[in-house]
Amino acid sequence: MCGIFGYIGSKNASEVILEGLKRLEYRGYDSWGIAVVADQIKIDKKVGAIGDLNQLINLPRSNAGIGHTRWATHGGVNVTNAHPHFSSDKSFVLAQNGIVENYQKLKSALQKKGYKFQTETDTEVIVRLIEDKLKTASHLTSGKVDLKEAVRLAFLELEGRNTIILVTKAGRIIACRNGSPLVVGVNGEEIFFSSDTLSFAPYVNRILVVENGQMITWNGKLQLRDIKSNKDLPYHLEKIDFKNSKVDKEGYDHFMLKEIHESPYVVSQVLNQDFKLYEDFIKTLKEAKNVYTIGSGTAGIAASEVAFYLRVFAQVNARSVIGADMYDYYDLLTKDDLIIAPSQSGETADVLEVLEIAKKKGVKIASYVNMPGSTMARISDHPYSAHAGPEICVMSTKVFTSQIAWGYLIAKVASGKSKEGRVNLKKLVEEMDKYLNTNANHETIKNLAKILAKHKDIFLLGKYQNFNIISEGMVKIIEGSYIHAHGIPAGDLKHYAITLMEKGVPVIAVVSEDLARDDVINAVNQVKARGATVIGISPAACAVFDHYIPVPDTGETSAIMNIIPLQLLAYYMAVELGHNVDKPRNIAKSVTVK
Ligand code: GLU
C-alpha cells in the first residue's frame, strides 16, 4: 500500500514531491524515493520514514518528477528495492503501488529472454516488461517505438491490483490504474498525480479521479485513455474544496492525541449530515433480504458495531463480515441484498474486492468514507462522506468514532426515532468534550498506561454494545504498544480464556449500565478469583475494580463514549514505551494490497 506522487510545474519538483510524500507516508514508510528530470533523470532513495523538509535530498532543481513511499510486499527493505526503478537505458523511471500477482511467471519469461534483474521487487518486472514491449511492439510512431503503447501493453499483462507511474527523461508522465487509487490534481499549469487527494490538497482546485482500466498521460497536455480499447476518453476536472484539509498537530504532541480530541467534532459532523439524502438508502435497508456490514481492521470492528445498532435499534438482521473473509458468502449474494461498508480511505483492497464482486451480482452498496474522491464512494449506490477531516495518525481513532456514531444514527433513523437519536448524540458530544478536556481523566489514564506498559499480556472484557469496543481497544493497544492484547467476550471467558488468569494479570473491563452489566461483573469476579488485577471503565465505581476509569453514562450511546478512554490508554502506553505513535511499525493506514 505504497503512495505514489508525480509533479509537473514551475515549482522545484523535488520539494513538492517530498512534501506530497510526507502526506502519503501513512500508506507505508519502509523506504522512499524521488526521481526528477534534469539533463538526465536523477534519483535519491532512502530507507525509513521520510524526514522533515530540510532532510538532505541530493537532487537538482527540476520541473518534473515522481516519488514513492514504500510498504514492502516483495523484496527486503533496502535502497536497491526502494522505488522508483530505472529502465536499463535510464530513459524512464517507474514506481508502483500494488502487487503484480503473476510477477514470477513474467520474470521467468523475461529472464529466458536475457533480461537481468537488479532488485527483488515485482516492480522491476514491470520495468523490464515495458522494455520488452518497446522492443517488440509493432506500434511505431515516426520510426520510434511509442513508450505509451509499450506501457499500455505491459500493463495489460499484469495481474492483481496495481497502479504505476513513470516519468521519462523528456519530462513526460504516464500513469495507469487498475485497483490501487490514482488521482490527478490541477492548478493552472501545475499538474499533480497522487494516490490520494489530500496529498496535494493545499495546491489544487480541480481534480480528476482516474478509474480502473484507465491511463493518464501528460505530454504538454493531459490525456485520458481506456487501456483495453486504447481509445481516448473525455474527462471532466471536478472542482474541489479542500477547506477541511488542514494537517497540522495544532499544539498536540502527536496527531493521535489531536485526533482523539476531535471526536466530539466528528460526532457533530454526523449530526450535520443531510438525512433527506438517506431516504432511498433507509428504504433499501428495510427492504433488503440480507444486510452485510463489511470492513477491515478497525473499520471491520466499526462495521460490526454498525450491525449491532441495526439489529438492536432498527430490528434489521444485519451481520458483519471482515473484508478478507467474504469468500463463503459470495454464492449467497443476490440483488436483494445490501452491503454497508465503513472505511477511512475508501481504498481498502480486501473490501473493494468484495464490493466489485457484489456489484456484479446486483447487490446494493452503501459506503461511509472519510477520504474525498475514493473508489469505494464511486462504486456505491449510496455513498456517504464522514467529513471527519484528515486522519493522519496511522491508528484510526476519530474516524472509528464517526463510523459507529453514524451507525447508531442510521439505525435510529430507520426505526423512526431520528429525533431521539439526534438528542442522544448531542448529549454525547457534550459529555465527550467535557471528558476530553478534564485533565484528571488524562492523569488517571496516563498513570494506568505506565503500569500496563510493563506487562506482556493484557486482557479486555466486554459484552453487548461494548464487545466491539473492547475489540477495538485491543487493536489500539496492539498497534500502538506492540503488546499482546486479547479481547474476550465476557460470557465466553469461562469456556476457555479463564485458563490464562493468574495473579497480577491485567484485565480491562468495560461495564455499562445496560442489560449485560451483571454478566460482565460476573466475569470480573471470575478473573478476580484467580488473582487478576481489574481496571474498570464504567460510569459507576465497583468494589471489584482494582483501578477505576470513570466515564459518563450516555445511555444508548455509551459504547461510543467508552472507546475514548481505551484510545487514550493506547496512546499513553505508546508514548510511555517511546514508540513512534503516529506511525507504528509494519502497518500502514490505507491497505491497498491484499
Ligand atoms: N510490490 C511493490 C513493492 O514491494 C509495491 C508494494 C505496495 O504497493 O505496497 O515494492
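It should be noted that the structure appears before, not after, this text.
First, a word on what this report is: a plain description of the structure on this page. (Residues numbered from 1 in each chain as written. Predicted model: local features only at pLDDT ≥ 70, side-chain atom pairs only at ≥ 80, totals over all residues. Heavy atoms only, no water.)

Remarks on the packing of helix α2 (residues 103–112) against helix α3 (residues 123–136)
Axes are the key here: two packed helices are described by the angle between their axes and the distance separating the axes.
Logical step 1: Direction vectors running N to C along α2 and α3 enclose 45°, while the axes themselves pass 10 Å from each other. Of the possible angle classes, the one that applies to α2 and α3 is oblique. Handedness of the crossing formed by α2 with α3: left-handed. Of the residues in α3, those touching α2 at Y103, L106, K107 and L110 are V125, R128, L129 and D132.
Logical step 2: Class assignment of the residues belonging to the contact of α2 with α3 gives a composition of five nonpolar, no polar and three charged. (Axes fitted to C-alpha atoms, helices over the stretch in contact; angles between N-to-C directions. Helix = DSSP H or I, 4+ residues; strand = E, 2+ residues; numbered from the N terminus. Parallel < 35°, antiparallel > 145°, perpendicular 65-115°, else oblique. Left-handed = near helix turned anticlockwise from the far one by under 90°. Contact = heavy atoms within 4.5 Å. Nonpolar A, V, L, I, M, F, W, Y, C, P; charged D, E, K, R; others polar.)

Here's the deal with the environment of R517
Logical step 1: Along the polypeptide, R517 turns up in helix α15 (residues 517–529).
Logical step 2: Of the residues examined, R517 reaches a relative accessible area of 23% and is grouped as partly exposed.
Logical step 3: Distance in space between the C-alpha atoms of R517 and G462 is 9.2 Å, their sequence separation being 55 residues.
Logical step 4: Residues contacting R517, with those up to four places away along its chain left out, are V511, S512 and C542. (Buried < 20%, exposed > 50% of the residue type's maximum accessible area, 1.4 Å probe, protein only.)

Quick look at the packing of aromatic side chains
Logical step 1: Tallying each qualifying case throughout the model produces 20 aromatic pairs.
Logical step 2: Between Y327 and Y330 the ring centres are 5.9 Å apart and the planes differ by 50°, which places this aromatic pair in the tilted class.
Logical step 3: Judged by relative accessible area, which is 12%, Y330 ranks as buried.
Logical step 4: By way of ring pairs, the aromatic residues F275, Y278, F281, Y368, Y384 and W406 are connected into one cluster.
Logical step 5: A cation over an aromatic ring shows up here: K90 above the ring of F86, its NZ or CZ 4.7 Å from the ring centre.
Logical step 6: Directly above the aromatic system of F117 lies the positively charged group of K107, at a separation of 5.0 Å from the ring centroid. (Phe/Tyr/Trp six-rings, centres within 6.5 Å; stacked < 30°, edge-to-face > 60°. Lys NZ or Arg CZ within 6 Å of the ring centre and 35° of its normal.)

Observations regarding α2
Logical step 1: Within α2, burial applies to Y103, L106, K107 and L110. One side of α2 holds all its buried residues, which, seen down the axis, span an arc of 100°. Residues of α2 that are exposed and point more than 90 degrees away from the buried face comprise K105 and K112.
Logical step 2: The secondary structure elements touched by the buried residues of α2 are α3.
Logical step 3: G114 sits one or two positions beyond α2 and adopts a positive phi of about 105°. (Arc of directions from axis to C-beta.)

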